[in-house]
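# Working through the structure, step by step
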Amino acid sequence: MPERRAVVASKVGLHARPAALFAKAAAEQTVTVTIAVTGVEGTQDRGPVDASSILGLMTLGAKHGDEVVLAAEGEGAESALETLAELVAQDLDA
Amino acid sequence: MKELRGIGVASGRTVGPVAAMPPPVGEPAEDGELSEGSDREAAVVLLDSSSSTVGAELSARAQTARQAGRDDAAEVLEATAMMALDATLLGDAKARIGQGSRPERAVWDAAQHVAEQLSSLGGYMAERVRDVQDVRDRLVAALTGRPAPGIPVRDQPYVLVARDLAPADTATLDPSKVAALVTEQGGPTSHTAILARALGLPAVVAVAGATDLADGTWVLVDGAQGTVVIDPTAEQRSTAGAKVQGQTSLQAVGATSDGHRVRLYANVGDPSGVEAAVAAGAEGVGLFRTEFCFLDRAEAPSVDEQVMAYERVFAAFSGRRVVVRTLDAGADKPLPFVTADGEPNPALGVRGLRTATGSPQVLGDQLTAIARAAAGSGAEVWVMAPMVATAEEARAFTDQAHEAGLPTAGVMVEIPSAALTADLVLAACDFASIGTNDLAQYTMAADRQLGALAALNDPWQPALLQLIAMTAEAGARTGRPVGVCGEAAADPLLACVLVGLGVTSLSMTPRALPAVGAALAELSQARCVQLSKAAVSSESPIVARESVASILNETP
């Protein structure tokens, strides 16, 4: 399954406003995208959760600087991952 | 034309459509398993349509808030709208329906599961638990054909009709949207009546048959006569005045109905907050926080810079008292030049006055700056230290402040040890001010930033009230003023309880001043003492609120 890694740039993490913006963008994609927190030192891997679910994102608890893995399958998966990875790497609360 | 009669408790004559306070949404019963097949399919369809309805309703409210320029409120509403349509929540609920759960029970359990996960993450996430529960209650109400819970939301001002209003309901009441209050229960001294008068809302209580009024019915409420006229004639409507606006400033100096003086002060966070404090008629500033001078800086500000910032506040309160709190850094307010990184428990770490040990110059400079700004300002400037644990610390700070030329120096009581040894602490300084937010957190061993522990940090916790009582009693014995400057002082009913405990001043956010002043002016000192005794001896904050409310209701 195609995957992309990205580091959370939002200062507050993928919470609050950034989570809402990110979930909205994920819902606009033609494919279902999942997001997981992996390989963060000192924390257990979490997810994957549905990237379009604000509650899923909130329970994922991805913090500023955490690395997340986005995954999707099917037609349009690559461009969806591209778009969402870019969003993760932006400070959405700025 | 029909008329209902009750007891008028807050005068004013106003007309508006009825909006009934819906009963709270309870936990749905676990019984009644759905049979396989069509029942379960229908439940899923019902769930989807309810979720769309609730989501659309919240989105519409978000849009209204956005248009009104309330961007923060709009963002919260948009996020809750997304939660109502959330794939994870609905997916889990549908799975539960697939196992035979009724849709309302399935949503309840699915939301509970999310809430538990958020609680375990702590911090900001735990605070969102309330949002999830709000969405849950809305979905359950929609699924069971009931009105959405909470104070009704309407575009136009309305007459709020309820069986009775709980203190938690009145807290979220928006006086710009509620034209009048009508309740079936309650009496002239009930908390509803006191709050209605404080907010300037016409109110009639003990109105038999009030809850039978249909939503949208136009009524004329006369809070002086105690009448509710149903479908008033045009002529009657014309007699209704515009809603009496709630007072926006203190009407008199703080005192109980029998003249026991309680100073009512404003909390000020930075010099720009001074206008609001003056406009609200504050008798002075009970807590002038000085962190604004120090935040977002790599190095401490110079004495001159501080003098200029403090002078602005002192000038606005010339002839009145301003209590300045010295720098309260650490914990949630780290500062590179005084606090250390990587403390395992910052709330229990080097914060407040404790930072003066490692950075004595910062405190020394600040006291110099305060004394210099105070000289010639005309304001009566007092100074106090945050996070004082012992009488020894209190004495050291007081001596240093006196030497710097500040004649009145005191301490914040926010650590239980300071309350427990209040006689000694007060003997070592000139006054005390109780910071109820931190005192609650340290008394209950409950991080105040953790939403999951919010109930433990309730300012009505009897343990907290007991420590306040101990401190106030020590103040009376030693002849030292003891004030309260936390959230607790801004709750009109709790403010009366605090006065009953012996607190001599209350300092709060400026906009709370008119309501607190009005509530206090209704009760005698003996009455406040009676309320405080009931509150302190209650088993829980809920019982404390209820016993205070029932004393007010039952014995005039």
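This one's a predicted model, so the numbers in the text were calculated from it and none came from an experiment. (Residues numbered from 1 in each chain as written. Chains lettered and ligands numbered in written order. Predicted model: local features only at pLDDT ≥ 70, side-chain atom pairs only at ≥ 80, totals over all residues. Heavy atoms only, no water.)

## A look at the interface of chain B and chain A
Counting residues at the interface gives 16 residues for chain B, matched by 14 residues for chain A. Summed over both sides, the interface between chain B and chain A buries roughly 1,300 Å², with carbon and sulfur atoms accounting for 76% of that surface. Remark: the boundary between chain B and chain A carries 1 salt bridge. Put simply, chain B and chain A have 4 residue pairs in polar contact (both at pLDDT 80 or more) between them. Sorting the residues of the side of chain B that touches chain A by element identifies helix H2 (71-84), helix H3 (87-98), helix H4 (103-121) and helix H5 (123-127) of chain B as the ones contributing at least two each. In terms of residue class, the side of chain B that touches chain A is made up of 11 nonpolar, 2 polar and 3 charged. (Contact = heavy atoms within 4.5 Å. Buried area = accessible area lost by both parts, 1.4 Å probe. Salt bridge = Lys/Arg side-chain N within 4 Å of Asp/Glu carboxyl O. Polar contact = N/O pair within 3.5 Å; in protein donor to acceptor, adjacent residues only side chain to side chain. Helix = DSSP H or I, 4+ residues; strand = E, 2+ residues; numbered from the N terminus. Nonpolar A, V, L, I, M, F, W, Y, C, P; charged D, E, K, R; others polar.)

## Points about the domain arrangement of chain B
Here the domain parsing of chain B yields domain 1 (2-21 + 151-238), domain 2 (38-143) and domain 3 (263-554). In this structure, domain 2 of chain B and domain 3 of chain B have C-alpha centres spaced 39 Å apart. (Domains from an automatic or database assignment.)

## Side note on the sheet that holds strand E1 (residues 2-5) of chain B
Residues and elements named next belong to chain B. Spatially, the 8 strands line up as an open sheet ordered E1-E8-E7-E3-E4-E5-E6-E2, and their pairing is mixed. Strands with a single pairing partner mark the edges of an open sheet, and in this sheet they are E1 and strand E2 (7-10). Neighbour-to-neighbour, the strand axes of the sheet open up by a mean angle of 30°, direction not taken into account. Alignment of strand E5 (residues 178-183) against strand E6 (residues 203-205), held across 2 bridges, turns out to be parallel. Of the residues in E6, the one forming a bridge with valine 182 is valine 204. (Pairing = 2+ DSSP bridges. Axes fitted to C-alpha atoms, helices over the stretch in contact; angles between N-to-C directions.)

## Let's talk about the pairing of strand E7 (residues 218-222) of chain B
Residue and element names in this part refer to chain B. Summarising burial for E7: 4 of the 5 residues are buried, a large majority. Bridge analysis of strand E3 (residues 13-20) against E7 gives 5 bridges, and the strand direction is antiparallel. The residue bridging valine 15 from the neighbouring strand is leucine 220, located in E7. As paired strands, E7 and strand E8 (residues 227-230) are joined by 4 bridges and run antiparallel to one another. Counterpart to valine 219 in the pairing with E8 is isoleucine 230. Between the antiparallel neighbours E7 and E8 lie 4 residues, among them glycine 226 with a positive phi of about 75°. (Buried < 20%, exposed > 50% of the residue type's maximum accessible area, 1.4 Å probe, protein only.)

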